[in-house]
Amino acid sequence: MTLLTVLTVPDSRLRIKAKPVSVFDEKLSILFDDMLETMYVEDGAGLAAPQVGIDLRVVVMDVSERENESCVYKMVNPEVTWRSKELSVCNEGCLSVPEQRAEISRPAAIKMHYLDENGVLQHIETDGFLATCIQHEMDHLDGKLYIDYLSTLKRQMYINKVKRIKKYESEN
Ligand code: NI
């Protein structure tokens, strides 16, 4: 397995609209393995392909810790088909915005579908942490980050903090 480099803000590659996957081959399964490995090493609950500079609608998630069972998801071309009017607030973080967190409000429950690594259609109806996680990761596929839900001022503050962290890391 190969560890991939996670891009951080303000990298413009985080802002692309990723392309749908049409081929389910060995390359895709290697990408899934590499993304999961990278996510575990970086201690994240989810990772979207654009975060590692890959322009595809591919997402991995592991919400096992929170849901108390093995919940590893490998999603291709995910689509939300229903969002609840009711909102819920979750304290979100993101590997592309390291060491920062913020309270973000999103629809509390969703219905969605995706293709698994074999190209088989799967449906999910969920709420709670998984619903938040899916929406957060899917935003990445459209070039959107959770900090976009914050005020311009706060967003810029977060980006500046990440720039300082990265500068420090590269000098030490
Ligand atoms: Ni993220």
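In this text, all values refer to a predicted model and were calculated from it rather than measured experimentally.

Visitor: Before we move on, could you go through a negative patch on the surface and cite the residues and values that matter?
Guide: Taken together, Asp25, Glu26, Asp33 and Glu37 make up a surface patch of like negative charges. The residue aspartate 25 is located in the segment before helix H1 (26-41) in this model. The exposure class of aspartate 25 is partly exposed, given its relative accessible area of 35%.

Visitor: Pulling in residues and values, what's your account of unusual backbone geometry?
Guide: A cis amide bond links valine 9 with the next residue in sequence, proline 10, at an omega value of 5°. The residue proline 10 is located in the segment before H1 in this model. Although it is not a glycine, aspartate 43 adopts a positive phi angle of roughly 65°. Here aspartate 43 is to be found in the loop between H1 and strand S1 (46-48). Residue classification places aspartate 43 among the exposed positions, given a relative accessible area of 67%. Positioned with a positive phi, asparagine 77 is a non-glycine residue whose angle comes to about 45°. Topologically, asparagine 77 is positioned in strand S3 (residues 72-83). The class for asparagine 77 is buried, based on a relative accessible area of 15%.

Visitor: Provide a residue-level description of the state of the cysteines, including the pertinent values.
Guide: According to the stated counting rule, one finds zero disulfides in the structure shown. This cysteine, cysteine 90, is not joined by any disulfide, and cysteine 133 carries the nearest cysteine sulfur, 8.6 Å off. You can call cysteine 90 buried: its relative accessible area is 17%.

The rules behind these values
- Residues numbered from 1 in each chain as written.
- Predicted model: local features only at pLDDT ≥ 70, side-chain atom pairs only at ≥ 80, totals over all residues.
- Heavy atoms only, no water.
- Patch = residues over 30% accessible without salt bridge, like charges linked within 9 Å, V, L, I, M, F, W, Y side chains within 5 Å.
- Areas by Shrake-Rupley, 256 points an atom, 1.4 Å probe, with all protein chains shown as cover.
- Salt bridge = Lys/Arg side-chain N within 4 Å of Asp/Glu carboxyl O.
- Lys, Arg positive; Asp, Glu negative; His and termini not counted.
- Charge placed at Lys NZ, Arg CZ, Asp CG, Glu CD.
- Helix = DSSP H or I, 4+ residues; strand = E, 2+ residues; numbered from the N terminus.
- Buried < 20%, exposed > 50% of the residue type's maximum accessible area, 1.4 Å probe, protein only.
- Disulfide = S-S within 2.5 Å.

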